[in-house]
Amino acid sequence: MRTDMTKAIRPDPISENLFGTHLTSISKLSDAQLFYLLDLSQYYSRLSATNEPIPRRLAGKTQVNLFLENSTRTNVSFELAGKKLGADILVLPVAASSVHKGEELRDTSQTLAAMGADAMIVRNKEHDTSSFIAEAFNQTKISCSVINAGEGTQSHPTQALLDALTILNSLGRKASKGLEGITIAICGDISHSRVAGSNIELLPRLGAELRLVGPENFLPSESIHPEIHRYTDLHECINGCQFVMALRVQKERINSDLAFSETDFHQSFGLDYETLKYAAEDAKVMHPGPMNRGIEIDGTLADDRDRSLILDQVTNGVITRMAVLDALLTNES
Ligand code: CP
């Protein structure tokens, strides 16, 4: 098989430039901005595939990772993305910081920005943290781009972007073609998942048919997303789907009065080779991680690189975050 070694071509700048803006949710991005971020991600994918040198577009810029909740993939991938582009990176050691002396988040973030941060990457368990910090920066005329790195149970925009990139690349499609004709199922603990929240905002905008499946008490209310099909039967839902995304059962967010058995969940909603037979031929499985092997996904299937895109999602996390940092921190116009 010949390897495609076509050189990477940077997309043309767009008039709705993202320079100096914040990335707090998918819904705040225009279509032009969304497609630009995906185009730029594919440019960085191509640079990586062809081993071309990565331009140090963030040389002289400072990036602060402010992670108030645990993370492996997002924290490390943002750090790697910034380093590859030449930024100086500070990962705040939260446990040893004044956050634990009761300092307000507004003061912690403004203090870090006043030290010269150009970007602040924020992870927190509370909804709307990144919007709150972005608003505080706007009020105090601090020019530092805030990026939501996952917050609450609703929003993880860079995860949705990397998931879309993974699907596009797996199909060999240019971002500009979108996901028309593609059917994607998201399975399991939808209502507690920030990943599902952002993918619900993104994938239909790219033209995909999106389906949700899980136990009734893990599904968002029909009134919230009336346009998206909801299922409580896994086989019925994934019938014909080309991509099936399992979500982590978020044990820490499940209320103790919600009846939940891991064994029952795996039997009804766990992905394995048997259940995958109901999906399209050669359907791919995805998972944002971290996984509960044997609960929402069978470990052997998760590790099967012919059927599983899970490690591609991780790789694309670095790529997508390079694109996001580049778009927000460099001015091309
Ligand atoms: N997918 C994801 O957000 O993983 P981390 O919690 O490890 O960052």
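What you see is a predicted model; the values in this text were computed from it and never measured. (Residues numbered from 1 in each chain as written. Predicted model: local features only at pLDDT ≥ 70, side-chain atom pairs only at ≥ 80, totals over all residues. Heavy atoms only, no water.)

### What to know about the overall build of the protein
For step 1, the next point in the chain: On a plain count of helices and strands, the protein comes out with eleven helices and nine strands.
For step 2, the next point in the chain: Rg of the C-alpha trace for the protein: 20 Å, near the compact-globule value of 20 Å for 333 residues, within the 12% margin.
For step 3, the next point in the chain: Burial analysis of the protein (333 residues in total) assigns 53% to the buried set.
For step 4, the next point in the chain: In the protein, 78% of the contacts between residues at least 6 apart in sequence involve partners at least 24 apart.
For step 5, the next point in the chain: Surface summary for the protein: the accessible area is close to 15000 Å², and the carbon and sulfur share equals 48%.
For step 6, the next point in the chain: Across the protein, 32 positive and 43 negative side-chain charges occur, with their mean positions spaced 7 Å apart. (Helix = DSSP H or I, 4+ residues; strand = E, 2+ residues; numbered from the N terminus. Rg over C-alpha atoms; globule rule 2.2 N^0.38 Å. Buried < 20%, exposed > 50% of the residue type's maximum accessible area, 1.4 Å probe, protein only. Contact = heavy atoms within 4.5 Å. Areas by Shrake-Rupley, 256 points an atom, 1.4 Å probe, with all protein chains shown as cover. Lys, Arg positive; Asp, Glu negative; His and termini not counted. Charge placed at Lys NZ, Arg CZ, Asp CG, Glu CD.)

### Details of empty space enclosed by the protein
For step 1, the next point in the chain: This structure, assessed with the given rule, holds one cavity of 30 Å³ or more.
For step 2, the next point in the chain: Estimates place the volume of the largest cavity at around 70 Å³.
For step 3, the next point in the chain: Forming the boundary of the largest cavity are Pro13, Ile14, Asn17, Leu18, Tyr36, Ala327, Thr330 and Glu332.
For step 4, the next point in the chain: Of the residues that constitute the lining of the largest cavity, the class distribution is five nonpolar, two polar and one charged. (1 Å grid on protein atoms, 1.4 Å probe; cavity = no way out; pocket = protein on both sides within 12 Å on 5 of 7 lines; lining within 4 Å. Points joined across faces, edges and corners; volume = space filled by probe spheres on them. Nonpolar A, V, L, I, M, F, W, Y, C, P; charged D, E, K, R; others polar.)

### Focus: the site of the ligand
For step 1, the next point in the chain: All residues in the neighbourhood of the ligand are listed as Ser71, Thr72, Arg73, Thr74, Arg123, His156, Gln159, Pro288 and Gly289.
For step 2, the next point in the chain: Between His156 and the ligand, the recorded distance is 2.9 Å, taken from a side-chain N or O atom to an oxygen atom.
For step 3, the next point in the chain: Protein coverage of the free-state accessible area of the ligand, which is 260 Å², stands at 91%.
For step 4, the next point in the chain: For the ligand, the cavity whose grid points lie within 2 Å of the majority of its atoms is the second largest pocket.
For step 5, the next point in the chain: Grouping the amino acids of the shell around the ligand by side-chain chemistry returns one nonpolar, six polar and two charged. (Near = heavy atom within 4 Å. Polar contact = N/O pair within 3.5 Å; in protein donor to acceptor, adjacent residues only side chain to side chain. Sits in = over half its atoms within 2 Å of the grid points.)

### Description of helix H4 (residues 129–139)
For step 1, the next point in the chain: By the burial criterion, the buried members of H4 are Thr129, Ser130, Ile133, Ala134, Ala136 and Phe137. Down the axis of H4, the smallest arc covering the buried residues is 160°, so these residues share one side.
For step 2, the next point in the chain: Tucked inside the fold, the buried residues of H4 contact helix H3 (105–114), strand E3 (119–124) and strand E4 (145–151).
For step 3, the next point in the chain: Note on H4: the residue one or two positions beyond its end, Lys141, has a positive phi of about 55°. (Arc of directions from axis to C-beta.)

### Here we look at the environment of His225
For step 1, the next point in the chain: Looking at where His225 falls in the secondary structure, it is placed in the loop between strand E6 (209–213) and strand E7 (229–231).
For step 2, the next point in the chain: Note: C-alpha distance between His225 and Ala164 (61 residues apart in sequence) is 19 Å.
For step 3, the next point in the chain: Ignoring anything within four residues of it in the chain, the contact list for His225 reads Ile200 and Pro220.

### A closer look at unusual backbone geometry
Among all residues except glycine, the phi angle is most often negative; among peptide bonds, the trans geometry is most common.
For step 1, the next point in the chain: Cis peptide bonds are those with omega within 30 degrees of zero, and the linkage from Gly289 to Pro290 qualifies with -10°.
For step 2, the next point in the chain: Within the element layout of this structure, Pro290 appears in the loop between strand E9 (284–286) and helix H10 (299–303).
For step 3, the next point in the chain: Positive phi, close to 65°, is recorded for Asp282, a residue that is not glycine.
For step 4, the next point in the chain: Tracing the chain through its elements places Asp282 in the loop between helix H9 (273–276) and E9.

### Overview of the packing of helix H1 (residues 31–49) against helix H5 (residues 157–171)
For step 1, the next point in the chain: Packing of H1 against H5 leaves a shortest axis separation of 10 Å and a crossing angle of 60°. In this view, H1 runs oblique relative to H5, as classed from their interaxial angle. You can see that H1 and H5 cross each other, and the crossing is right-handed. Where H1 approaches H5, its residues Leu34, Leu37, Leu38, Ser41, Gln42 and Ser45 are matched on the opposing element by Leu161, Ala164, Leu165, Leu168 and Asn169.
For step 2, the next point in the chain: Its residues assigned to classes, the contact of H1 with H5 shows seven nonpolar, four polar and no charged. (Axes fitted to C-alpha atoms, helices over the stretch in contact; angles between N-to-C directions. Parallel < 35°, antiparallel > 145°, perpendicular 65-115°, else oblique. Left-handed = near helix turned anticlockwise from the far one by under 90°.)

Worth remembering: the numbers are spatial, not functional.
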